[in-house]
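# A structural walkthrough
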Amino acid sequence: MSSARATLRQYFDLTKPRVVALIVFTAIVGMFLAVPGLPPLRESVLGFLGIWLAASSAAAINQLLDSRIDAKMARTSWRPIVVGQITPGRALAFALVLAALSMAILVLWVNPLTALLTFASLIGYAVIYTVFLKRATPQNIVIGGIAGAAPPLLGWAAVTGMQGEWDWAHALLLVLIIFVWTPPHFWALAIFRRDDYARALVPMLPVTHGVAYTRWQILLYTVLLVVVTVLPWASGMSGLFYLGGALVLGAVFLWHAWRLMDPPDELYAMKVFNYSIVYLMALFAFLLVDHWLLPWLQPGPAFELRPAG
Ligand code: HEM
Ligand SMILES: CC(C)=CCC/C(C)=C/CC/C(C)=C/COP(=O)(O)OP(=O)(O)O
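Values in this document were obtained by computation on a predicted structure and should not be read as measured data. Just so you know, the residues in each chain are numbered from 1, in the order the chain's sequence is written. Whichever chain is written first becomes A and whichever ligand is written first becomes 1, with later ones labelled in order. Side-chain atom pairs in this predicted model are given and counted only at pLDDT of 80 or more, local residue features only at pLDDT of at least 70, and totals for whole chains, interfaces and linings cover all residues. Only hydrogens and water are removed before side-chain values are computed, so all heavy atoms of the structure are retained for them.

Below, the discussion takes up the overall build of the chain. Looking only at helices and strands, one finds 15 helices and zero strands in the chain. The C-alpha radius of gyration of the chain comes to 21 Å, within 12% of the 19 Å expected for a compact globule of 309 residues. If you line up the chain on its principal axes, its C-alpha atoms span 80 × 50 × 35 Å. Relative accessible area decides the class of each residue, using a 1.4 Å probe on protein chains only: under 20% of the type maximum gives buried, over 50% gives exposed, and in between gives partly exposed. When burial is assessed residue by residue, the chain has 51% of its 309 residues classed as buried. Only heavy atoms enter the contact rule, under which two residues are in contact if any of them lie within 4.5 Å. The contacts in the chain between residues at least 6 apart in sequence include a share of 75% that link residues at least 24 apart. Per-residue accessibility takes into account occlusion by the displayed protein chains alone, with areas from the Shrake-Rupley method and a 1.4 Å probe. Of the roughly 15000 Å² that the chain leaves accessible, carbon and sulfur atoms contribute 71%. Put simply, the chain has 19 plus and 13 minus side-chain charges, and the middle of one group is 11 Å from the middle of the other. Segments assigned H or I by DSSP are reported as helices when at least four residues long, segments assigned E as strands when at least two residues long, and all are numbered from the N terminus. The size measure is the radius of gyration over C-alpha atoms, and the globule rule it meets is 2.2 Å times the number of residues to the 0.38 power. Here the positive residues are Lys and Arg and the negative ones are Asp and Glu; neither His nor the chain ends is included. Throughout, a charge is located at the NZ atom of Lys, the CZ atom of Arg, the CG atom of Asp or the CD atom of Glu.

If you want it as structure tokens, here you go:
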């Protein structure tokens, strides 16, 4: 690889691109669900850019502030700041440029509310979670999960400005789904990587309360997740196509969480973690496709019984 390409790759890695890709996808689904038909092109594209840049900036700040922890963990010891490929000063400058670009785009061309909510999410993850919660309590990822769960609300706000009567309720329902999904997502990985966290003195649940307790918590949150994912259908936001998909995906998640109580091997926790990612991606894809199918699947006038005359 040429050195310019290698450098580009290192800055790209600094933004946790795969996590941010799923985050941005949930924001895009929020945009589509916020309005009937297609969302306005200008606000969608600029909103997408602003949210993507902010999430990338937050990820870079996280790597900057966490570099000493990352250096102690096998999973993260390759990261560009840890191995000296990017200096802390350059990482900070890079993150500040991304954040400034994001805020400029959102304030000038989307709306101030989206900018404010996006900025709060950035601070929530990059500072409140990374600097305080992560090092302080095993509930770190539950509380910190609010920032990672916010993107559907950010997308919704970008295209509506939250002017409609039901905007907050429906957008917060999507946030609630990701919020409840985060503990099973993360704790499955944390079970497998518990030695890493113990070595780095990070109080993650499997370290502070043990693996058996963490497995119960994963099962509990997965049950809650299945219940919460029924709400978009129950509230009339989504249709039967979504409900069917959510129930099948949820049943598989429950089966995994149940098996994790007495797993066949150590690697099973990673299977659950990998499934959690497929689950969220597919769940939001179901929300999106259902939104387009809804007008066709709901009985239209052709099916209505009208009184004669
Ligand atoms: C506080 C909340 C969260 C915590 C603590 C957390 C934690 C983690 C960790 C530790 C990893 C492994 C990353 C690595 O090895 O580089 C990971 C991977 C991942 N997370 Fe999360 N996560 C959270 C929220 C989210 C959210 C909100 C999303 C998306 C909506 C997400 C999507 C992903 C994806 C796609 C991966 C796989 C990345 C890869 O394959 O490189 N996470 N998460
Ligand atoms: C503006 C906006 C939408 C912000 C979104 C913030 C964001 C990128 C959230 C992702 C959460 C995440 C990857 C947590 C990883 O935990 P960790 O940092 O403890 O994991 P690590 O050990 O892999 O670094």
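This next bit is on the pattern of salt bridges. Should a side-chain nitrogen of Lys or Arg be within 4 Å of a carboxyl oxygen of Asp or Glu, the pair is scored as a salt bridge. The full count for this structure, using the stated rule, is seven salt bridges. Close ionic contact of aspartate 66 with lysine 134 constitutes a salt bridge, the shortest N to O distance being 2.7 Å. Of this pair, aspartate 66 sits in the loop between α3 (41–65) and α4 (67–72) while lysine 134 sits in helix α6 (residues 112–136); the two residues are 68 residues apart in sequence, bridging distant segments of the chain. The network of salt bridges with common partners includes Asp66, Lys134 and Arg135.

Attention now goes to the side chain of aspartate 290. With respect to the helices and strands, the residue aspartate 290 is situated in helix α15 (residues 268–297). Aspartate 290 has contacts with Ser238, Gly239, Leu240, Phe241 and Tyr242, leaving out every residue within four places of it along the chain.

Nearness is judged by heavy atoms alone; a residue qualifies as near a molecule or strand once a single heavy atom is within 4 Å of it. The full set close to ligand 2 counts 18 residues, and Lys16, Arg79, Tyr125, Tyr129 and Lys134 are the nearest of them. Under this definition, polar contacts are N or O atom pairs within 3.5 Å; protein pairs additionally need one hydrogen-donor-capable and one acceptor-capable atom, and for neighbouring residues in sequence, both atoms have to be side-chain atoms. Here lysine 16 contributes a side-chain N or O atom positioned 2.8 Å from an oxygen atom of ligand 2. Arginine 75 is positioned with one of its side-chain polar atoms (N or O) 2.9 Å from an oxygen atom of ligand 2. Protein contacts shield 88% of the accessible area of ligand 2, which totals 630 Å² for the unbound molecule. When residues of the shell around ligand 2 are traced back to their parent elements, those giving at least two are α2 (17–34), α3, α6 and α8 (151–160).

Along the chain, the position of alanine 136 falls in helix α6. Considered as a pair, alanine 136 and proline 203 are 67 residues apart in the sequence and their alpha carbons are 6.8 Å apart.

This brings us to the coordination of the iron atom of ligand 1. A lone protein donor contacts the iron atom of ligand 1, and this donor is His185 (NE2), found at 2.2 Å. Relative to the helices and strands, histidine 185 resides in helix α9 (residues 167–192). Only nitrogen, oxygen and sulfur atoms count as donors, using a 2.8 Å cut-off from the metal that widens to 3.2 Å for Na, K and Ca. Water is left out, so coordination shells may look unfilled.

Time to look at the nonpolar core. Among the nonpolar cores identified, the biggest contains 66 residues, and Trp187 and Phe284 are the most heavily contacted of them. Of all the elements in the fold, those that place two or more residues in this core are α2, α6, α7 (140–149), α8, α9, α12 (211–228), α14 (240–259) and α15. Ranked by residues supplied to this core, first place goes to α9 with 14 residues. By convention a nonpolar core is built from buried Ala, Val, Leu, Ile, Met, Phe, Trp, Tyr and Cys residues, the set being connected through side-chain atoms within 4.5 Å.

Here we take up the packing of aromatic side chains. In this analysis, rings of Phe, Tyr and Trp, with Trp reduced to its six-membered ring, are considered paired at centre separations within 6.5 Å, and the interplanar angle assigns stacked below 30 degrees, edge-to-face beyond 60, and tilted for intermediate values. With the rule as written, the count across this model stands at 10 aromatic pairs. Both rings, one in phenylalanine 241 and one in phenylalanine 286, keep their centres 5.4 Å apart while their planes meet at 55°; by these two values the pair is tilted. Highlighted residues: phenylalanine 241 in helix α14 and phenylalanine 286 in helix α15, separated in sequence by 45 residues. Phenylalanine 241 gets classed as partly exposed once you look at its relative accessible area, which sits at 33%. Look at phenylalanine 253 and tyrosine 275: their rings are 5.4 Å apart centre to centre, the planes differ by 80°, and that puts the pair in the edge-to-face class. Linking phenylalanine 253 in helix α14 with tyrosine 275 in helix α15, this pair joins segments that are 22 residues apart in sequence. Look at tyrosine 275 and you get buried, because its relative accessible area is 12%. Cluster of aromatic residues (ring-pair linked, three or more members): Phe253, Tyr275 and Tyr279.

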